[in-house]
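If you want the building blocks of each chain, they are given just below.
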Amino acid sequence: MPKTPDPEAVPKRVEDFPVRFANPKVYSPMAMSRVAARSEMNMKAILLAFTSLLATSVLAQTIIVHVDRPLHPISPTFFGMMTEEINHAYDGGLYAELLQNRTLQDDDKPTHWSFIGPEGSGSVDLDTTHPVPDTAYSRCLKVRNGGVANEGYWGMAVLPKTTYHGSFYAMAGPGFSGSLSVSLTSADGTQTWATAQIGGIKNGWKRFDFTLKTANIAASQANRFAITPTEKGGSFFIAGATLFPPTYKNRANGNRSDLMAKMADLNPSFLRLPGGNYLEGNNLASRYNFKDTIGPLSGRKGHPGTWGYRSSDGLGFLEFLEWCEDLKCQPVLAVFAGYALNGEHVAAGPGLQPYVQDALDEIEYVTGDTHTKWGAIRAANGHPKPFRLTYVEVGNEDAFDRSGSYDGRYTQFYDAIKTKYPKLQIIATAPVKTRRPDVLDDHYYSPAREMAKLAKKYDSYDRSGPKIFVGEWASLEGGPTPDHKSALGDAAFLTGLERNSDHVVMESYAPLFTNMNRGAAQWNTNLIGYDALNSFGSPSYWVQSMFGKNTGDTVLTTDVLTPTQTAVPFTGGIGVGSNETQVEYKDVTVTDGIRFIPLADVSKWQKRGDWTIDGSHLTSGLGRNDRATTGDLSWADYTLQAKARRVSGKEGFVVVFHSIDGRNFWQWNIGAVGNTESVVQRQEVWDFRAVAPSTKLKLEDDRWYDIKVELKGESIRCFLDGSLVHEIHLDPDPIDAVYSSATLVKSTGEIILKLVNFSDKPTQLPARIVGSSAGSFRSTGWVMSGALGDQNNLQEPTKVIPRELPARMFKSGDRIDLPPYSIVVVRLKPA
Ligand code: AHR
C-alpha cells in the first residue's frame, strides 16, 4: 500500500462533481492525453508577463471589530471530528488491543504470528478444522513443538509498572503436557518484561484469562507477546487471543489513553461515524453493518475494510458510542444507504427496505430505552442508558453514484426516519430534489492556498437552502501528517466557516488518525500521528485545538481595511516519470546556481510503478503515469538537469518539479499525446491541466537528450538539448495576506479574535474595537508560527505548536503582532 496515495489510487471517481470540491475536475489517466488539446482553454490561467502587484508589506491593514453588530450565534455543534478505519486508525491505533490478527481472518496463513523455537524444529499453522463452539472463531493456530508469538501492530508498547489483561481459547493437541507460559518480551525474545503461567490445558476448548505485570522497566515498543509450552514436544491450539494495556477511563475493550486525551483537548461537540468510505464498503456485502460489531468480542469476526486491510471490529458500534460518551460529544450517525464503492447500488423500493430497517434499528440501538428491542440489546451489551442523537447522515459522498439513484434512496430513508423520529435532522451527502434535506454534507480536500481562498466560499452563499455540514476537509500539504502551510490553509478556511456558522452548522477535519509506520497509511494528510508507543498532533491539529477551545458564542461583524495580498511561493521536490513508455534517465542533478543540491540515492526515491535501478540510472516500466521523485518543500529556485532516452512505448519523458506530494506537482511532459507534443502541466489534487500552450515535438528513439528545467520565482524555462522549448511566467495567484474572524462571549463581553497571517512578512495589525463600553481589555492568547514546510513527527513532536502570549492591557487601536506565517488567537476581556 503506497504511503502517499496517488490520484489514481484514491477513490475519487467522478469527472464532474460540482458541489463539493474546490477542484471539480477529477484527474484520470485518460485526461492526461486530452490535456494538450485543452490547453488553449486553460490559457486564462496564465499571465504572460511577470506582475509586480504583490504587496511587499502588510502594514497598512487594520481590523475593525464591531461589538455592537453581532451577526449570529455560533452553532453549538460547530466543532466536531470525523472518523473511520483508515491508516490503521483503530486496529493499530486508537483501539488499545495489542495483538494483531486476533480472529485469524486476515490471511490464509497465520499472518502476524510466528513460531518460537529452533528453525525447522516445529511449526505454527492456521487450522480451520477446530472452530471454537459458540464463537466467531472458526480458525485457530496449531502450534507444534514450540511456542508462538504475535508481533503486534509494528511492535507493542510495554510500559513500566503496568498491568496488562489478556485471554485466549486454548486446547491441548497430541503429545501436549504441562502448562503454557504467556509473556511480554523484546521482539528478539532475549528480554522478558512480564510473564504468567496457565495450567489446565486439556482436550477441548476452554477460555483462559491472565494478567501480566511489568516491573519498573523502561518504556519500549520493539516487543512481542509469546505463548510457550513449559514442556517440550506435543502440540496445542490457540484461538481468539487478546491483550490490553490500561485504557482511557479504564474501559474494558477500550481505547488508547494518549489518543483519547488528544481528542478531548479539541473539545469536539460531535463525532461523525463510522465513515467515510468505510461506511460504504468495497461492495454491498462488505458494507459497515453495526449488527456484526456488537456483543462479546468472541462473536465478532471482523470484516474487510475499504482501505486495503481487514477490520477486527473490536472497536465496534457500542465502542464508537462510548468513545463519544467519554469525550462528552454526540455521535453524528452515518447510516449505510445502499451504495458501495464499486458502484453497486440498491434502487429505492422494496429491495432497499432491509437497509432502511437496519438504519432504524441502528438509531434505536443508539437512542431507544430498554423497552425497545435494540435498546434492550444495547443494555445487554453493557450500556442501558440511551445516547443523545441529533443528526443522522444518509450515506457518504453519494454524488459518486452515477446511476442517479441517490434521490430516491435518500427519500426512502428520510421518510422512514422522520416518521419514527421526527426530531432527527437528516443529512444528505449530495443534492436531492424530492425532499429538502435538513443539512447537506460538503467535502473539500485541496492545497493550502485553495483552502485559504475557500474561506470566502460561504460569505455569499444562498441561505434559503439546507444548512451545511463540512463533514470532511483538509489542506493537503505534508504527509503523512500536514505541515505548517496546511495549518495556515486550515486556519484561514476555518475563519470563513466560523464567520458563516449561522449556515455552516458543523465542520469536521478528515482523516483524524494515522499510524506512522511504513505501509500503515493510505491517506497523505492526517491530523494525529502515532506509533505503538508515542503520538503527536500535527500543526493542523493545533489549529483545531486553538479554534475549538476559543469559540465564543456570537459572531461579530469585522471589517479589514486595506486588505493586502501575498504570494504563496512555488516550492517542492523533483522527479522523473513516464506514461506507458519505457524511458531511461541518468545524471539527474539539481543546482541552485551556486552549488549542487544533494539528491538521495535513486534507489531511495519515492516510486510509483516498476522502476529498474542500476547505479544512478533509472529505467521506467511501461505503466501509466509512473513517477520517481525526491526532495522536499524547502526546494525553491533551482535548475534540474537530466539525460533521458526513449526505449519503447507511446510517449516520451516526464520531468517533475515543484512536487509537494503524489497529488500536487508540476511536470514537463516531453512527447505527450503519442509523442507529438511538449507541454508543461500542473497536477493539483484531482485536476491535471496544461499551464501554457503545448508545442509540437517528436522524440527520436534510442537517443540521449539533455533536459534542463530552470525555476526562479514564478518563472519556468524548459530546455531540450540546449534549445528553449517553453518559457512560462506564472500568475503568482496571490491570496489574502490576513484572514480573520471575531466572536463574542456574551456573558462576559469577552472578544475572541482569530487571525491568520499567510504572508512571509511580520505585521503589527491595528485592531479597533467599536461599540464596546469597555475602555480597555486584558489581552491573552496564543500564537503558532513556523516555516511553511515545518512538520511535527515522532522525533520532533512539538516543533510547531501554539505558544501562549504574555497577558497585557489592550486599548482599541492597539496593534496585534502577527509573525510571518502565523495563526494568532487573542482573547480581549473587558478590564
Ligand atoms: O477521508 C478520506 C476519504 O475521503 C473518506 O473515506 C471519503 O469519504 C472521502 O472520499
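Residues numbered from 1 in each chain as written. Predicted model: local features only at pLDDT ≥ 70, side-chain atom pairs only at ≥ 80, totals over all residues. Heavy atoms only, no water.

Participant: Please clarify how the overall build of the chain should be interpreted in this entry.
Facilitator: Check the secondary structure of the chain and you find 11 helices and 49 strands. Radius of gyration (C-alpha) of the chain: 29 Å, near the 28 Å computed for a compact globule of 831 residues. Projected onto its principal axes, the C-alpha positions of the chain cover 85 × 75 × 60 Å. The buried share of the chain, reckoned over its 831 residues, is 61%. The long-range fraction of contacts in the chain, counting pairs at least 24 apart against all pairs at least 6 apart in sequence, stands at 75%. Counting every atom, the chain has about 30,700 Å² of accessible surface; 51% of that belongs to carbon and sulfur. Looking at charge distribution, the chain has the averaged site of its 86 positive side-chain charges lying 3 Å from that of its 91 negative ones. (Helix = DSSP H or I, 4+ residues; strand = E, 2+ residues; numbered from the N terminus. Rg over C-alpha atoms; globule rule 2.2 N^0.38 Å. Buried < 20%, exposed > 50% of the residue type's maximum accessible area, 1.4 Å probe, protein only. Contact = heavy atoms within 4.5 Å. Areas by Shrake-Rupley, 256 points an atom, 1.4 Å probe, with all protein chains shown as cover. Lys, Arg positive; Asp, Glu negative; His and termini not counted. Charge placed at Lys NZ, Arg CZ, Asp CG, Glu CD.)

Participant: Looking at this structure, how should I read the sheet that holds strand 31 (residues 617-620)?
Facilitator: Strands pair in a sheet through their backbones, by hydrogen bonds, and they do so in one of two ways: parallel or antiparallel. Across the sheet, 7 strands lie side by side as 30-31-28-33-39-40-41; this open sheet has antiparallel pairing. A single partner strand is all that each edge strand has here, and the edge strands are strand 30 (611-614) and strand 41 (723-729). The average undirected angle you get between the axes of adjacent strands in this sheet is 20°. (Pairing = 2+ DSSP bridges. Axes fitted to C-alpha atoms, helices over the stretch in contact; angles between N-to-C directions.)

Participant: How should the packing of helix 4 (residues 317-326) against helix 5 (residues 353-367) be read in this particular structure?
Facilitator: The geometry of a pair of packed helices is captured by two quantities: the angle between their axes and the separation between those axes. Following both chains from N to C, one finds helix 4 and helix 5 inclined at 45°, their axes separated by 11 Å at the closest point. With respect to helix 5, the element helix 4 is oriented oblique. The handedness of the crossing between helix 4 and helix 5 is right-handed. Taken together, the residues of helix 5 that come into contact with helix 4 (itself represented by F317, L318 and L321) are E362, Y365 and V366. Along the lines of polarity and charge, the residues of the contact of helix 4 with helix 5 split into 5 nonpolar, no polar and 1 charged. (Parallel < 35°, antiparallel > 145°, perpendicular 65-115°, else oblique. Left-handed = near helix turned anticlockwise from the far one by under 90°. Nonpolar A, V, L, I, M, F, W, Y, C, P; charged D, E, K, R; others polar.)

Participant: Sorry, what's going on with helix 4 here?
Facilitator: One turn of an α-helix holds 3.6 residues; hence residues three or four places apart share an orientation. The element helix 4 is extensively covered by neighbouring structure, given that 9 of its 10 residues are classed as buried. Within helix 4, burial applies to F317, L318, E319, F320, L321, E322, W323, C324 and D326. Positioned one or two residues after helix 4, K328 has a phi angle of 55°, which is positive.

Participant: When you look at the sheet that holds strand 49 (residues 822-830) in this model, what are you seeing that I'm missing?
Facilitator: Pairing is mixed across the open sheet formed by 9 strands, whose spatial order is 47-46-49-44-43-25-1-45-48. Two strands lie at the open edges of the sheet, namely strand 47 (803-810) and strand 48 (815-818), each paired on one side alone. Strand-to-strand twist across the sheet, computed as the mean angle between neighbouring axes with direction ignored, equals 25°. Relative to strand 49, strand 46 (residues 777-785) runs antiparallel, the two sharing 9 bridges. Looking at the pairing, F777 lines up with P830 of strand 49. Docked against the sheet, helix 10 (residues 539-548) engages strand 44 (750-757), strand 46 and strand 49, running at close to 165° with respect to strand 46.

Participant: Where do I start with the packing of helix 9 (residues 484-499) against helix 10 in this structure?
Facilitator: Two numbers describe how helix 9 lies on helix 10: the axes approach to 8 Å, and their chain directions differ by 30°. Judged by the inter-axis angle, helix 9 sits roughly parallel to helix 10. As for how helix 9 packs across helix 10, the hand of that crossing is right-handed. Contact with helix 9, carried on its side by H484, S486, A487, D490, A491, L494 and T495, involves P539, S540, V543, Q544 and F547 of helix 10 and no other residues of that element.

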